[in-house]
Amino acid sequence: MSKPEENSLLGQLDIIAKGLSETFSPFCEVVVHDLKNPEHAILSIHNNLSGRKAGQPATELGLARIASPDFPNIVANYGNQFADGRPVKSTSIGIKDNEGKYVAALCLNVDMTLFRGMQSALARFTEIENTSVQEHIEPTGSEAIRQRIDSYAAKRATTARALNVADRKAVIQELRKDGLLEVKKSMETIAQHLGISRATAYLYARQESDI
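The rules behind each value
Residues numbered from 1 in each chain as written. Predicted model: local features only at pLDDT ≥ 70, side-chain atom pairs only at ≥ 80, totals over all residues. Heavy atoms only, no water. Helix = DSSP H or I, 4+ residues; strand = E, 2+ residues; numbered from the N terminus. Rg over C-alpha atoms; globule rule 2.2 N^0.38 Å. Buried < 20%, exposed > 50% of the residue type's maximum accessible area, 1.4 Å probe, protein only. Contact = heavy atoms within 4.5 Å. Lys, Arg positive; Asp, Glu negative; His and termini not counted. Charge placed at Lys NZ, Arg CZ, Asp CG, Glu CD. Pairing = 2+ DSSP bridges. Axes fitted to C-alpha atoms, helices over the stretch in contact; angles between N-to-C directions. Parallel < 35°, antiparallel > 145°, perpendicular 65-115°, else oblique. Salt bridge = Lys/Arg side-chain N within 4 Å of Asp/Glu carboxyl O.

Visitor: It is not clear to me how the overall build of the chain should be interpreted in this structure. Could you clarify?
Guide: Helix and strand counts for the chain come out as 7 helices and 5 strands. Along the chain, helices and strands appear, N-terminal first, in the series α-β-β-α-β-β-β-α-α-α-α-α. The C-alpha atoms of the chain give 28 Å as radius of gyration, which overshoots the globular expectation for 211 residues (17 Å, by more than 25%). Seen through its C-alpha atoms, the chain measures out along the principal axes to roughly 75 × 45 × 30 Å. Within the span of the chain, comprising 211 residues, buried residues form 35% of the whole. For the chain, the proportion of contacts with a sequence separation of at least 24, taken over those separated by at least 6, is 47%. In the chain, which carries 25 positive and 26 negative side-chain charges, the distance between the mean positions of the two groups comes to 6 Å.

Visitor: Which parts of the structure should I look at to understand the pairing of strand β3 (residues 74-81)?
Guide: Along any regular strand the residues' side chains alternate between the sheet's two faces. Here β3 pairs with strand β4 (residues 87-96) via 6 bridges, running antiparallel. If you follow Y78 over to β4, its bridge partner there is S90. Counting the residues in the hairpin turn of β3 and β4 gives 5 residues, including G85, whose phi is positive at 95°.

Visitor: Mind showing me how you'd approach the packing of helix α6 (residues 186-194) against helix α7 (residues 198-206) here?
Guide: The relative placement of two packed helices comes down to the angle between their axes together with the axis-to-axis distance. Two elements in contact, α6 and α7, have axes separated by 8 Å at closest approach and are oriented at 110°. It follows from the interaxial angle that α6 and α7 lie roughly perpendicular. Touching M187, E188 and A191 of α6 are R198, A201, Y202 and A205, all from α7.

Visitor: Sorry, what's going on with the pattern of salt bridges here?
Guide: It is possible for side chains of opposite charge to pair when their charged atoms get near one another. Evaluated as defined, the whole model comprises 7 salt bridges. Across the salt bridge formed by K18 and E22, the nearest N and O atoms sit 2.5 Å from each other. Taken as a pair, K18 and E22 lie in helix α1 (residues 3-24) at a separation of 4 residues, close to a single helical turn. Given the relative accessible area of 52%, E22 is considered exposed. Of the charged contacts, one joins R86 and D111 as a salt bridge, the two residues approaching to 3.1 Å between their closest N and O atoms. Note that R86 is positioned in the loop between β3 and β4 and D111 in strand β5 (residues 102-111), a separation of 25 residues in sequence. Judged by its relative accessible area of 24%, R86 is partly exposed. By relative accessible area, D111 is classed as buried at 12%.

Visitor: Which parts of the structure should I look at to understand the sheet that holds β4?
Guide: Strand-to-strand pairing in sheets goes through backbone hydrogen bonds, with the strands running parallel or antiparallel. Judged by pairing direction, the sheet is antiparallel, and its 5 strands sit side by side in the order β2-β1-β5-β4-β3 without closing on themselves. Single-partner strands in this sheet number two, and they are β2 (42-46) and β3. The mean inter-strand angle of the sheet, taken between neighbouring strand axes irrespective of direction, is 20°. Against the sheet, helix α2 (residues 60-67) touches β3, β4 and β5, its axis set at about 20° to β4.

Next comes the structure, spelled out in structure tokens:
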């Protein structure tokens, strides 16, 4: 690869890095490495979270890429940390020239501090105390209908409201066979959960499934 071609490649990588950093700001640092110049490999840092500077040398991973063209092109979501100890999730993407040698790398470093805090807060919020008290806020029958519809949708890798017409008819026929259409306000529950009108739910209930 000629020098102009290398410069063009690095320039395009820098544009991509800038776009990624702006998309995932303020959580993600994006770094462009020039592996042809390992002693001053860092070409640019966008949304700088690590405190490093352009012109600093390649990391151990960068040196490993330079040493072996067989090194993986993508090393994704590996644990890392900034100099101050903040936890990081990193992804490194190697770029080869026409001869199959690594000449550059694009690295993304996500600061996990906030996300781990959110994870802890959510775990705390959703924690349920063990107790012998049982209470059902709504009728068991209505909840059974919703759970049956959700289970049907999950088996098709979709959601209740995303089911197509044939599947809506099919799940309503299944509810009929199991006697769940006899539950009080069953059609209202079905319509609400599937995101259709009650008139449509009644129509599907009267029709045989197309499946």
